[in-house]
Amino acid sequence: MIALLLASALPLGLGAALMAADRLGRPLSHTAAWCIALLTAAASLGAGLAAAMGDAVVDRPWVPQIGLRLHLTIDGISAPLVVLAAAVTLLAVAVSSRQRPKGTPGLFYGSLLVVLGAAVAAFTVRDVIGFFIAFEVALVPMWVLIDRFGDAAPAERRRAGWMFALYTVGGSMLMLAGLLVLVAATGTSDLDHLTTAAHRLPFTTTLIAATLISVGLAVKVPLLGVHAWLPRAHTAAPTAGSMMLAAVLLKLGTYGFVRLVALPMPDAWRRIAPIVAILAVAGIIVGGLVCLVEHDLKRLVAWSSIAHMGFVMLALAAGQVIGFGAALYGNIAHGVISALLFAIVGALKARRGPVDVDAPALGLRDTDPRLGFALVVGVAAAFGLPGLAGFWGEILALFAAWDAPSRPNTLFHVLTALAALGAVLAAVYGARVLRAVWAGDLEDDARRAAVDDARRATANAASDAAAQPGARTTELGAEPAGASSFDATVVADASDGVAAVASPADGAAATQRVTGAEWLAIGVLTLATIALGLAPSPLMHLMNGELVTLLGGVK
């Protein structure tokens, strides 16, 4: 019980304390805030693992006047998501050791921790009103990360932040309306009791509730049609924010579909599922087509997330144990893969500026072969290469959609074929990214000349810096006294002191290799991507065992 409470309460409490410290007292240094955030995320991960291995349950009155209880537990569906959220937060903090926020580090790292704490609470709470509250708490610090600490221009950050806020708040209002219909009809907000009571409700009531909740959650996934906020948010957000958005916040949407719609209202879900499947496959196709022409690498990865989440939603719409299992596994796989790709893109952007896949440039095979390997693994996993994490969710989603019981056979056969076409598009745009970023678009002679120029620039920069008194050694070599290793890639926004990534002017910064905690985070995500592809059985067994118990008559 203690571990279950600590998994969410610790990051919520310390995250709020970090945010308050910057406003009420003397702001913490970056090193102090970073260490606190790192240790807190690690403690939350440990508590989450301990709770997952035990049989922890918290069930106490919270607001007895309205029958609201603090009911927390963890099962085979929520446990992987809790571990994913804590692990990605830990790695996002590690990545930020190199890509430091300008301004107030306490607010930055506090926001990351509050997102983690709220997400863990949402994954473990067994009260629908509690889920809604935790969900909404997670949105506020994510908006702060986009609006205050994004690496785009100030106007673009604010536009992306407001689009994120307007879309998600609008979706939240619809979701809340659906939840209130369900609670009023069943007389309880406890998820376990509500699931049993909802089966006895009139079909019209459950259809109205399921439709409202589904439209609200569709914004969070997002499905095509309510997706416009996501590419802008990812493009504007800092690297850690993009990692959290893709690997933590989007997972709340798909988890909500399972817990709040499909399980308690199976008949209504059966009616809605074909529409969800159509939107999911449309997102797969449109996302793939956009990725074929998108030139900004970070925006391309954001659009690919829409396509990959389409496979998750197609599997959910297909129903049955194999469909739900494919969706849940694909959910975890997408979280790991997207966090890896955004960490790599952030590392490149910090050294080169925005990465244009259509512009001739040196490839990672020449400048940083180790990071290049991580990119190859991440991109290959994203387009579903067998043996990597993305394969199992996609192939099982196609199997589930092709043989979906109680669904229109012809429609789902067509959707399966179109989704398979979307997987082909993913391979094509994946090859485009690898050709431009890993191999490089320069001809052999130009490539050799560029490598030589970069090496000379690095050597000259090191020798010039070393000649100055008080110089210190960095990853680029020697650095003048008083300089920061972050100064080469970050400039301050004079209006509010928020960091904006600048394009490095010299070859030394462009060829700087990823090392330290930043590389450790990328390396862990790379290994996780390979491990989930080579050994999917433990995670599938954990989730499928829970699904067999919970699904019952859901088709």
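Residues numbered from 1 in each chain as written. Predicted model: local features only at pLDDT ≥ 70, side-chain atom pairs only at ≥ 80, totals over all residues. Heavy atoms only, no water.

(A) Structural context of the overall build of the chain. For the chain, the helix and strand inventory stands at 21 helices and six strands. Within the chain, buried positions represent 59% of all 555 residues. Of the roughly 20,100 Å² that the chain leaves accessible, carbon and sulfur atoms contribute 67%. (Helix = DSSP H or I, 4+ residues; strand = E, 2+ residues; numbered from the N terminus. Buried < 20%, exposed > 50% of the residue type's maximum accessible area, 1.4 Å probe, protein only. Areas by Shrake-Rupley, 256 points an atom, 1.4 Å probe, with all protein chains shown as cover.)

(B) Representation of the packing of aromatic side chains within the structure. Applying the stated criterion to the full structure yields nine aromatic pairs. Between Phe-108 and Phe-149 the ring centres are 5.2 Å apart and the planes differ by 70°, which places this aromatic pair in the edge-to-face class. Note that Phe-108 is positioned in helix H4 (residues 105-124) and Phe-149 in helix H5 (residues 128-149), a separation of 41 residues in sequence. By the burial criterion, Phe-108 is buried, and Phe-149 matches it. Aromatic pair Phe-257 and Trp-269: ring centres 5.8 Å apart, planes at 55°, arrangement tilted. Taken as a pair, Phe-257 in helix H10 (residues 239-262) and Trp-269 in helix H11 (residues 266-293) lie far apart in primary sequence, twelve residues in all. One aromatic cluster in this structure is built from Phe-123, Phe-131, Phe-135 and Tyr-255. The positively charged end of Arg-148 is found above the aromatic ring belonging to Phe-149, 5.9 Å away from the centroid. (Phe/Tyr/Trp six-rings, centres within 6.5 Å; stacked < 30°, edge-to-face > 60°. Lys NZ or Arg CZ within 6 Å of the ring centre and 35° of its normal.)

(C) Representation of the pairing of strand S2 (residues 68-73) within the structure. One ladder, built from six bridges, connects strand S1 (residues 57-63) with S2; its direction is antiparallel. Across the sheet, residue Asp-59 finds its bridge partner in S2, namely His-71. Between S1 and S2, which pair antiparallel in sequence order, lie four residues; one of them, Gly-67, sits at a positive phi of approximately 75°. (Pairing = 2+ DSSP bridges.)

(D) Spotlight on the environment of Asp-267. Tracing the chain through its elements places Asp-267 in helix H11. Asp-267 sits 61 residues away from Thr-206 along the chain, and the two C-alpha atoms are 8.2 Å apart. Side-chain polar atoms of Asp-267 contact the side chain of Arg-270, separated by 2.9 Å. (Polar contact = N/O pair within 3.5 Å; in protein donor to acceptor, adjacent residues only side chain to side chain.)

(E) Representation of the nonpolar core. Counting residues in hydrophobic clusters, the biggest one holds 185 residues, and the most contacted among them are Tyr-109, Met-142, Trp-229, Met-243, Trp-269, Val-437 and Ile-522. Element by element, the count of residues in this core is highest for helix H13 (residues 320-352), at 18 residues. Ignoring sequence-local partners within four residues, the contact set of Met-142 consists of Val-115, Phe-164, Gly-241, Met-244, Leu-245 and Leu-249. (Core = buried A, V, L, I, M, F, W, Y, C linked by side-chain atoms within 4.5 Å. Contact = heavy atoms within 4.5 Å.)

(F) Quick peek at the packing of H13 against helix H20 (residues 516-534). At their nearest, the axes of H13 and H20 sit 10 Å apart, and the two run at 150° to each other. What the angle tells us is that H13 and H20 run roughly antiparallel. For the element pair H13 and H20, the recorded crossing hand is left-handed. Note on element contacts: H20 touches H13 through Glu-518, Ile-522, Leu-525, Thr-526, Ala-528, Thr-529 and Leu-532, opposite Tyr-329, Ile-332, Ala-333, Val-336, Ile-337, Ala-339, Leu-340, Ala-343, Ile-344, Ala-347 and Arg-351. (Axes fitted to C-alpha atoms, helices over the stretch in contact; angles between N-to-C directions. Parallel < 35°, antiparallel > 145°, perpendicular 65-115°, else oblique. Left-handed = near helix turned anticlockwise from the far one by under 90°.)

(G) Region of the structure containing the packing of helix H6 (residues 154-186) against helix H7 (residues 191-198). Contact geometry for H6 and H7: axes closest at 10 Å, N-to-C directions at 75°. Between H6 and H7, the angle falls in the class roughly perpendicular. In contact with Leu-182, Val-183 and Thr-186 of H6, H7 contributes Leu-194, Ala-197 and Ala-198. Along the lines of polarity and charge, the residues of the contact of H6 with H7 split into five nonpolar, one polar and no charged. (Nonpolar A, V, L, I, M, F, W, Y, C, P; charged D, E, K, R; others polar.)

(H) Main features of H6. Its 33 residues give H6 an end-to-end C-alpha distance of 47 Å, which sits within 8% of 48 Å, the value for a rise of 1.5 Å per residue. Positive backbone phi, at 80°, marks Gly-187, one or two positions downstream of H6. (Expected span 1.5 Å × (residues − 1).)

(I) Main features of a nonpolar patch on the surface. On the surface, Val-414, Leu-418, Leu-421, Val-424 and Val-428 cluster together into a nonpolar patch covering about 390 Å² of accessible area. The exposure class of Val-424 is partly exposed, given its relative accessible area of 48%. (Patch = residues over 30% accessible without salt bridge, like charges linked within 9 Å, V, L, I, M, F, W, Y side chains within 5 Å. Salt bridge = Lys/Arg side-chain N within 4 Å of Asp/Glu carboxyl O.)

(J) Focus on helix H1 (residues 2-24). Remark: the principal bend of H1, roughly 35°, maps to Ala-9, with a proline, Pro-11, within the next four residues. For H1, the set of buried residues is Leu-4, Ala-7, Ser-8, Pro-11, Gly-15, Leu-18 and Asp-22. (Bend = angle between axes of the 7 residues up to and from the residue.)

(K) The pattern of salt bridges, seen in detail. Summed over the entire model, instances satisfying the criterion amount to eight salt bridges. Residue Arg-259 pairs with Asp-75 through a salt bridge whose shortest N-O separation is 2.4 Å. Within this pair, whereas Arg-259 is found in helix H10, its partner Asp-75 is found in the loop between S2 and helix H3 (78-95), the two being separated by 184 residues in sequence. Counted as one network, the salt bridges with shared partners bring together Asp-75, Arg-126 and Arg-259.

(L) Layout of the confidence of the model for the chain. Confidence along the chain averages 86 in pLDDT terms, with 86% of residues attaining 70 or more. Confidence drops under a pLDDT of 50 for residues 469-506, and excluding neighbours within four residues, the segment shows 92 contacts in the predicted structure. (pLDDT = per-residue confidence, 0-100.)

(M) Fine view of unusual backbone geometry. Residues Val-221 and Pro-222 are joined by a peptide bond in cis, for which omega reads -10°. Structurally, Pro-222 can be placed in the loop between helix H8 (203-220) and helix H9 (229-236). Backbone geometry at Gln-320 places phi at a positive 60°, although glycine is not the residue there. Tracing the backbone shows Gln-320 in helix H13.

(N) Looking closely at the side chain of Glu-294. Its location among the elements puts Glu-294 in the loop between H11 and helix H12 (297-318). The contacts of Glu-294, once residues within four sequence positions are left out, are Arg-299, Leu-300, Val-357 and Arg-432.

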